[in-house]
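One-letter residues, chain by chain:
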Amino acid sequence: MKAKEQVLAFLKDHPQEFTAQQLAGELKSDRTNISRYLNELTKSGDVKKIDGRPVKFQVIIKANEENITFENLIGRDDSLKSQIQKSKAAILYPPRGLHTIIFGETGTGKTMFAECMYHFAVSSKVLQSSAPFITFNCADYAQNPQLLFGHIFGVTKGAFTGAEETRDGLVAQADGGILFLDEIHRLPPEGQEMLFTFIDKGVYRPLGANEEQNASVQIIGATTETSASFLSTFNRRIPMQIELPPLRERSMDERLAIIKTFLQQEANRLNEEISIDKRSLLGFLLYPAEGNIGQLKRDLKLVCAKAFLHYQANDGHEKLMVTEEDLPLNVQKGLLYMKDVPDTLGPLMDNKNLYLNLKPGTEEVVWRQDPTKDMEVYHSITYKLDKLGRENLSEIDLERLISQDVDRYFENYVEELSHANIYREIISDDLWQLTNQLYEMAAKKLDRNYDEKVRFAFALHISSTIERIRAGQFISHPNLNEVRRKYSKEFQLAIEFSIQIEEAYNVEISMDEIGFITMFLTQDVQEKNAFQQKQVGVFVVMHGHSTASSMLETVQELLGTNAGVAFNMPLTMNTSEMYRQINYYLAQEKANYSEGIILLTDMGSPNNFGNLIYHEMGIRTRVISMASTMLVLESLRLATLGRSLEEIYHSVMTMFINMVQLEETPEKDEHKVIVVACFTGEGVSKRLNQVVSQIVDPKEFEIIQLQSLERESFKHRLDQLVTHKNIVAIVGTLEIQYQQIPFFPALNMFQREKIIEFQNFLGSDVALPQMAESLTQDFSAEIDTQKLFLQIDDALQNIRKSQAMIIENNVLQALLIHIAFLVDKIKKDEPRSAFKEVKYFHLQNQKLFEAVKNELQKISDNFEIRFNEDDLAYIVKTLLDNQIELGLHTV
């Protein structure tokens, strides 16, 4: 073994950190040679260099990709079971698998799930071990379609300015394997169309090329959007759709397993024991992680870094201790939910131990695409402790100084959460795009940086302004002349902004409005504080244990402010007690509310609090009832801008009226709706929702979960829903008679024969004639595709009913297409795939074989073909692999 290889082998056997001198002593070699080998290994990516005095080196532990499989996924037998079954069916579907799209919120693990699909394909021999898995984020070039297409499909020299050489695209690189397109919704319509051609025909044309090229690639896409974001033709061409659940919908068992797995990784990485106290563990189990698993891992990494800091700075610590004091504020708030879920937590917690201990050495489960995978934050702490220690600072100073650095280190992870879906739910895509264009221009002309929260606040302001202008309402700026004089550059740029906004939305923006736009270009910390010194107070009072606080927290996060006060009013609390609490709070803080209060309530007696506050405390108060998140958002936004009480009240009430008017004559959603109703608790309602979701086609049916304590309240909610939704069925625990809408008892959803009846009742609106017409050109001219598709559909429905099989409609559609192309192959006398051990398989599933054979006989006769035993075996296996087992014995 060469000397350099010996160094690497030693480091692999001893994963801790070494100086060159220490290694030279261990290996009994010259220090100069060891230093040279270490630098070469650092360049090759086998070893990492750790800054400090002296410099240290450590082997880079590379992930064993063979471990990245469905067998390692937490939730494989529970929340991800159905998704894994679908993905396996997509990989195994003959002849080359089904193109797939994975839906899920940010941080739900879409990339890792796609990697598991790839490794399953390799282990199942569907793909060769050398088959490529190519990943690409479509958002990287979303603003430049030409570069995007070139990146995916390749470029020929001279195709456009700057194309100085011919280069292969991702499709060519992925030939024979899988191409994973993350954020596939960022593909513009032209990009979707180019992808269609490739999906349909397996051919593509690089930019600037005259000839088409061939490739065999399975496409897996991932998106945080819904299928409605894509062209309808796009949805048809990607038949397998998989939705990953957000963390809030996964069980406590799974969340605990995720927490333990990550902490175990950190213990392995640091080669130190990590202990987390019970309350800290409860905080991580219960807090609402908006960024899902991604945020949970970032927050865990932060507390591990702080525990590591305490461990390094205090010699008395024997291990890394994660305690409640080190939890981020959002995680600490998770402890507020303890009383809501005592029954759920009981079985999870070991009451004999106050700490959960994780010792190093347990085999690591691999997390791929993990931004917290490396040791950088720990090395940074070690280096700074060493450096500051030499400057004779006290231990207290060291912890305080470095703790601030640790918090800053994680700010970039927090910023990732600013891209959460809630921004897109409030701001339209076109306005968000225009806002970013305007602020890019401002950044160049004013040489300033504007973060996303500032841009979001501006977009929200413009959205409100456009609505107000269209409603014929105008406001005057109180200090317009002073703004023009003091911020002349910004005012001129605001005029340019207004011109582009006018062109985009066909409105006329006054000078007063331009004055307000100017303020968004001049905001800095001092000006923000100046606004907040004297501003209208915003109080949110809602019935429920956490309704008000949750709504206000959402709004505060969006606006980047701590302003506003929330008062939660549990249903067990009487009105006088709620008013007493508000009165007591105002008695302590009266001086801060000289500008008045906007009081937002949901209903009932709190609407009377305004007059009481004014007469008792002398604080002017305006009340807005029937408040929503949007109204709280607008109230707080205007308050932080320094608007007056009356101005805020009239502006928000105008918004409310406009919202009501927009809702008076809504267009009905094209989806059919199944309402899942429950009067006995959220657990039963969720279970019903899960069952119904598995047995209907999400392309045709939307499932809406409603809960209520009594029938009349429930019917009132149905009254609101039926105005814009086409409700075709109600499934519930107690019978509801409402407008002739069919009702199905919950018990039916846990009895196989009743589920079959339910599916038969719903039927399917799949447009078979249109499907057949779109595929006609792919079949022999002698085949009547309309007739063929209808007969196959009849056969599959008869098989499903006669064999009492619960099969998802999208699986039946995929099988229908498979059989149709199989008929065409037989007509053309083309070779078909042989089925391994077909005789044995036939013998094992004789009843289903005969049913399939009998139902397909009509097709055999009408189209003068014969299905052989291999053909039937593939159809039988697809049905068996995709039938849904619902666990019908429990609710």
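This text follows the structure it describes.
The rules we used
- Residues numbered from 1 in each chain as written.
- Predicted model: local features only at pLDDT ≥ 70, side-chain atom pairs only at ≥ 80, totals over all residues.
- Heavy atoms only, no water.
- Buried < 20%, exposed > 50% of the residue type's maximum accessible area, 1.4 Å probe, protein only.
- Helix = DSSP H or I, 4+ residues; strand = E, 2+ residues; numbered from the N terminus.
- Pairing = 2+ DSSP bridges.
- Patch = residues over 30% accessible without salt bridge, like charges linked within 9 Å, V, L, I, M, F, W, Y side chains within 5 Å.
- Areas by Shrake-Rupley, 256 points an atom, 1.4 Å probe, with all protein chains shown as cover.
- Salt bridge = Lys/Arg side-chain N within 4 Å of Asp/Glu carboxyl O.
- Lys, Arg positive; Asp, Glu negative; His and termini not counted.
- Charge placed at Lys NZ, Arg CZ, Asp CG, Glu CD.
- Axes fitted to C-alpha atoms, helices over the stretch in contact; angles between N-to-C directions.
- Contact = heavy atoms within 4.5 Å.
- Arc of directions from axis to C-beta.
- Parallel < 35°, antiparallel > 145°, perpendicular 65-115°, else oblique.
- Left-handed = near helix turned anticlockwise from the far one by under 90°.
- Nonpolar A, V, L, I, M, F, W, Y, C, P; charged D, E, K, R; others polar.
- Polar contact = N/O pair within 3.5 Å; in protein donor to acceptor, adjacent residues only side chain to side chain.

Q: Quick question: what am I supposed to make of the pairing of strand 6 (residues 178-182) here?
A: A regular strand carries its side chains on alternate faces of the sheet. Counting buried positions along strand 6 gives five out of five residues, so the element sits mostly inside the fold. With burial as the criterion, each face of strand 6 is covered, one bearing Ile-178, Phe-180 and Asp-182 and the other bearing Leu-179 and Leu-181. Where strand 5 (residues 133-137) and strand 6 come together, five bridges link them in parallel fashion. When the sheet's bridge partners are listed, Phe-136 is paired in strand 6 with Leu-181. Sheet topology note: the strand 6/strand 9 (residues 218-223) ladder contains four bridges and is parallel. Along strand 9, the bridge assignment pairs Leu-179 with Ile-219.

Q: Please explain a negative patch on the surface as it appears in this structure.
A: The grouping of Glu-71, Asp-77, Asp-78 and Asp-253 at the surface amounts to a negative patch. One can find Glu-71 in the loop between strand 3 (56-59) and helix 4 (81-92).

Q: Would you take a moment to explain the environment of Glu-482 for this structure?
A: With respect to the helices and strands, the residue Glu-482 is situated in helix 21 (residues 480-486). Residues Glu-482 and Gly-515 lie 33 residues apart in sequence; the distance between their C-alpha atoms is 9.6 Å.

Q: Sorry if this is basic, but what is going on with the sheet that holds strand 15 (residues 565-569) here?
A: Two orientations exist for strands paired in a sheet by backbone hydrogen bonds: parallel and antiparallel. Read across the sheet, four strands follow the order 15-14-16-17 without closing on themselves; strand pairing throughout is parallel. Each end of this open sheet is capped by a strand with a single partner; those strands are strand 15 and strand 17 (621-624). The mean angle between the axes of side-by-side strands here comes to 20°, regardless of whether they run parallel or antiparallel. Lying on the sheet, helix 25 (residues 547-559) is in contact with strand 14 (537-543) and strand 15; it crosses strand 15 at an angle near 155°. Sheet contacts for helix 26 (residues 575-589): strand 14, strand 15 and strand 16 (597-601); angle to strand 15, the most-contacted strand, approximately 160°.

Q: Help me understand the pairing of strand 13 (residues 355-358), please; the structure alone is not making it clear to me.
A: Taking every second residue as pointing to the same face, the buried face of strand 13 carries Leu-356 and Leu-358, while none of Tyr-355 and Asn-357 on the other face is buried. The sheet contact formed by strand 11 (residues 274-277) and strand 13 spans four bridges and is antiparallel. When the sheet's bridge partners are listed, Ile-274 is paired in strand 13 with Leu-358.

Q: Can you walk me through helix 1 (residues 3-13) in this structure?
A: Residues spaced three or four apart along an α-helix face the same direction, because each turn holds 3.6 residues. Listed in full, the buried residues belonging to helix 1 are Val-7, Leu-8, Phe-10 and Leu-11. Buried residues in helix 1, looked at end-on, bunch into an arc of 160°, giving them a common side. Exposed residues pointing more than 90 degrees away from the buried face of helix 1 are listed as Lys-12 and Asp-13. Close packing links the buried residues of helix 1 with strand 1 (18-19), helix 2 (20-27), helix 3 (31-43), strand 2 (47-50) and strand 3.

Q: Would you mind showing me how to read the packing of helix 26 against helix 27 (residues 609-617) here?
A: Packed helices, taken two at a time, are described by the angle their axes make and the gap between the axes. At a minimum axis distance of 11 Å, the contact between helix 26 and helix 27 shows a crossing angle of 40°. By the angle between their axes, helix 26 is oblique relative to helix 27. In terms of crossing hand, the pair formed by helix 26 and helix 27 is right-handed. Taken together, the residues of helix 27 that come into contact with helix 26 (itself represented by Thr-575, Met-578, Tyr-579, Ile-582, Asn-583, Leu-586 and Ala-587) are Phe-609, Leu-612, Ile-613, Glu-616 and Met-617. Residue composition of the contact of helix 26 with helix 27, grouped by class: nine nonpolar, two polar and one charged.

Q: Just checking my understanding: could you explain the pattern of salt bridges for this structure?
A: Per the stated rule, a full pass over the model turns up 19 salt bridges. Of the charged contacts, one joins Glu-40 and Lys-4 as a salt bridge, the two residues approaching to 3.5 Å between their closest N and O atoms. Placement of the pair is Glu-40 in helix 3 and Lys-4 in helix 1, with a sequence separation of 36 residues. Residue classification places Glu-40 among the partly exposed positions, given a relative accessible area of 31%. Overall, Lys-4 belongs to the partly exposed group, its relative accessible area being 34%. Put simply, Glu-634 and Arg-637 hold a salt bridge, and the shortest N to O gap is 3.0 Å. You can see Glu-634 and its partner Arg-637 sitting in helix 28 (residues 629-640), three residues apart, about one turn around the helix.

Q: For this particular structure, what's the right way to read the sheet that holds strand 12 (residues 320-322)?
A: The sheet built from three strands is open, its strands ordered 12-11-13 with mixed pairing. Since the sheet does not close on itself, it has two edges, and those belong to strand 12 and strand 13, each with one partner. Sheet twist, expressed as the mean angle between neighbouring strand axes with direction ignored, is 20°. Running at roughly 80° to strand 11, helix 11 (residues 278-286) makes contact with strand 11, strand 12 and strand 13 of the sheet. Sheet contacts for helix 12 (residues 292-313): strand 11 and strand 12; angle to strand 12, the most-contacted strand, approximately 135°.

Q: Honestly, the side chain of Thr-223 in this entry has me stumped. Any pointers?
A: Within the fold, Thr-223 resides in strand 9. From its side chain, Thr-223 meets the backbone nitrogen of Glu-225 in a polar contact 2.9 Å long. The residues contacting Thr-223, other than those within four sequence positions of it, are Ile-101, Ile-102, Phe-103, Gly-104, Lys-110, Ile-184, His-185 and Phe-230.

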